[in-house]
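Structural description and commentary
Chain residues, written in single-letter form:
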Amino acid sequence: MDSPAVSVEDVTKIFNTKSGAVVALQDISVTLAAGEFISLIGPSGCGKSTLLNIIGGLTSATAGKVLVHGASVTAPPEEAGMMFQKPVLLEWRTILSNVLLPIELKSGKRESTRHTERAMDLLSAVGLADFAAKYPHELSGGMQQRAAICRMLISDPQLLLLDEPFGALDELTREQLNLQLDRIVEGVHKTSILVTHSISEGTFLSDRVLVMSARPGRVIGVVDVDLPRPRTLDMMQTGEFLTLTNRVRLLLESGHDFGDEAISA
Amino acid sequence: MSSQLDTAKVTESTKLLDRRSIWERIPRSVSLTGFLLVVLGLWQILATSGWVSPFILPTPAAAFDALLSFCIAVFEGGALRQALVITVVEALLAFVLAVILGVGFGFIVAESAFGRIVLLPFLVALNAAPKVVFAPVFIAALGFGIGSKVALGAFIAFFPLLVDTAAGLATTDRDKSQLFRSLRASRMQTLRMLQLPSSLPFIFAGMKTASVLAVVGVVIGEFLGGGRGLGQQTKIAGDLLATDRVYAYGFVLAVLGYLFFAAVAFAERRVVFWQRPHGTTTGS
Ligand SMILES: Nc1ncnc2c1ncn2[C@@H]1O[C@H](COP(=O)(O)OP(=O)(O)OP(=O)(O)O)[C@@H](O)[C@H]1O
Ligand SMILES: [Mg+2]
């Protein structure tokens, strides 16, 4: 219990490309207590996805190390559930069996059918109960993304790694899903890391917002969000919320390399 | 009648907006029948004009007569029905064998280092060779029965399927692969539950090509290796300069190839059902 849920220690990531080495991350250190929710926010290409993938065991760090619940990450940790920018559903499976996929992979088909009831509960929670037997192509993008939330949660992961999960959705759907996510995470005290481009989304959901700079990616500032939980959409209207988002914005601007390319283009 | 009038009116009123070509506007049944009649008409003119020898081009009526008597003969049983059955069976077996070989080697080439590095160059070289040259080898090895035809048909048909299968397995969506990795899927699970279903559209494309090539292959086999199939009957008719029968049998073989193709296409729509509404998952 004493060891942090996630600890990232001096992680550096260098990609060797044809045009030379790209320093994607430089000396990143972050520690998350169990149940804590943090957001990573920063300019495009600053290494947010790379960092998340390193924590999720999908990419290896060039230097430094990552511990999840005290164990060094060398492969995707069992306690992690990931969600990507796209829903990534399998078109040949129904929504229900897409949600059950993690169980089927872990414990086999028989065991997965035993989780049907739980999958249906999750689908009901996001308003998809009537769509369990449908196929992904019969659902809208937002509905698919909600199904992906259920798939992530079915195996009850203790650590949620969310890479811009709602980035492709319209503002209102996004707020709704954020609210649902907040309820889910709040209820079960999951540790979560959210990558986002939206200052208000990051602030709304998080205990801490980490602001990163353009390449090489570094953490240039942290904003603590001590708004009470559960969060409500009304809170977004308060002066306190505005002050917090402004702090994030200022940090973001200070670290933003608006680039010679942008000017000369 | 009235509906045609309505169509005419609508066409009239939207003339300025309607940019579709004439072929898109008239009903397909009309354009297809019309085109067929034109072809038959030209054929009739050409065949009766005296410019072309009847040994090269019989009249449509003569070819149709030959087709009709073929159908009657098949209906009554006897040698011609047997010939048709033999060729159908050969083509079916050749197709099944081609699918097994094509998908099997496709898997090996896409999924193993041995296949990719060692086997592939040989297969590509083999494919570059005109495959008919191997017909004598198959006949020497398997005799003049259906075995040598099945082998040649399968040999000619399997390579496109191999290429499509390998391409399908290799182009599995990156996001989905990452999902499977994050879920700690084993290699077998990834192959069975991700790569195989993802490559089904490719495999079906290969099977459609193979279905037609299988018929072509066994007919070539019969031309070169005798036997008692319909290809052989066509060859005999040709040797006797009974060109009307050559046309009739050629037509029957074309229909056979088309039916094979249509059967695979039908199965494809059933199995790869998610491909129909395009663009839901591929985005931009
Ligand atoms: N596999 C790779 N090979 C080479 N370079 C890579 C690779 N993956 C990422 N990079 C580089 O590392 C940097 C960080 O990429 P990353 O995808 O982590 O950015 P990001 O912060 O998630 O950006 P975005 O907000 O646009 O998603 C980029 O400059 C990118 O070009
Ligand atoms: Mg990213």
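Remember, it's a predicted structure, so these values are computed and weren't measured experimentally. Residue positions are given per chain, counted from 1 along the sequence in the order it is written. Think of it this way: whatever chain is written first is A, whatever ligand is written first is 1, and the rest follow in order. The model is predicted, so local features are restricted to residues of pLDDT at least 70 and side-chain atom pairs to those at 80 or more, both for listing and for counting; the totals for chains, interfaces and linings are taken over all residues. Each side-chain value is derived from all of the structure's non-hydrogen atoms; neither hydrogens nor water enter the calculation.

**Things to note about the domain arrangement of chain B**
All domain edges in this entry derive from an automatic or database-based domain assignment. Each assigned domain of chain B is listed here: domain 1 (2-48) and domain 2 (60-271). Once you take the C-alpha centre of each, domain 1 of chain B and domain 2 of chain B turn out to be 36 Å apart.

**Regarding the site of ligand 1**
Residue and element names in this part refer to chain A. S44, G45, K48, S49 and T50 are the nearest of the 13 residues found near ligand 1. In protein, a polar contact requires one atom able to donate a hydrogen and another able to accept it; more generally it is a pair of N or O atoms within 3.5 Å, and residues adjacent in sequence count only if both atoms are side-chain atoms. Contact between ligand 1 and K48: an oxygen atom at 2.8 Å from a side-chain N or O atom of the residue. At 2.5 Å from an oxygen atom of ligand 1 is found a side-chain nitrogen or oxygen belonging to T50. For the area figures, the Shrake-Rupley method with a 1.4 Å probe applies, and any residue is considered shielded solely by the protein chains shown. Burial of ligand 1 by the protein chains amounts to 64% of its free accessible area of 640 Å². Numbering goes from the N terminus for both helices and strands, where a helix is a DSSP run of H or I of at least four residues and a strand is a run of E of at least two. When residues of the shell around ligand 1 are traced back to their parent elements, those giving at least two are β1 (6-17) and α1 (48-55). For the shell around ligand 1, the element with the most residues is α1, which contributes 3 residues. Gly is placed with the polar residues, together with every amino acid not listed as nonpolar (Ala, Val, Leu, Ile, Met, Phe, Trp, Tyr, Cys and Pro) or charged (Asp, Glu, Lys and Arg). Of the residues that constitute the shell around ligand 1, the class distribution is 3 nonpolar, 7 polar and 3 charged. Distances are taken per atom, and a residue is near a molecule or strand as soon as one of its heavy atoms is within 4 Å of it.

**Here we look at the sheet that holds strand β4 (residues 63-68) of chain A**
All names here are of chain A. Ordered by their spatial adjacency, 4 strands build an open sheet running β2-β1-β4-β5, and the pairing between neighbours is antiparallel. One side of each edge strand has no neighbouring strand; the edge strands of this open sheet are β2 (20-32) and β5 (71-72). Strands pair, by our definition, only if DSSP identifies at least two bridges between them. Pairing of β4 with β5 involves 2 bridges; the strand directions are antiparallel. Among the inter-strand pairings, V68 is bridged to a residue of β5, identified as A71. Residues count as neighbours in contact if any of their non-hydrogen atoms are within 4.5 Å of one another. In this analysis, axes come from line fits to C-alpha atoms, helices being fitted only over the stretch in contact, and the angle between any two N-to-C directions falls in the range 0 to 180 degrees. Lying over the sheet, α1 contacts β1, β2 and β4, oriented at roughly 120° with respect to β1.

**Looking at the pattern of salt bridges**
One speaks of a salt bridge when a side-chain nitrogen belonging to Lys or Arg is within 4 Å of a carboxyl oxygen belonging to Asp or Glu. Tallied over the full model, the rule gives 13 salt bridges over all chains. The salt bridge involving E111(B) is made with R187(B); its shortest N-O contact spans 3.4 Å. Of this pair, E111(B) sits in helix α5 (residues 79-111) while R187(B) sits in helix α10 (residues 187-225), and the two are 76 residues apart along the sequence. Relative accessible area serves as the criterion here: at 57%, R187(B) is assigned to the exposed category. Among the salt bridges present, the one from K235(B) reaches D239(B), with a minimum N-O distance of 3.8 Å. Taken together, the residues span about one helical turn, with K235(B) and D239(B) both in helix α11 (residues 230-239) at a distance of 4 residues. For D239(B), a relative accessible area of 55% corresponds to the exposed category. The network of salt bridges with shared partners includes E78(A), K106(A) and R184(B). Each residue gets one of three labels from its accessible area relative to the maximum for its type: buried under 20%, exposed over 50%, partly exposed in between, using a 1.4 Å probe on protein chains only.

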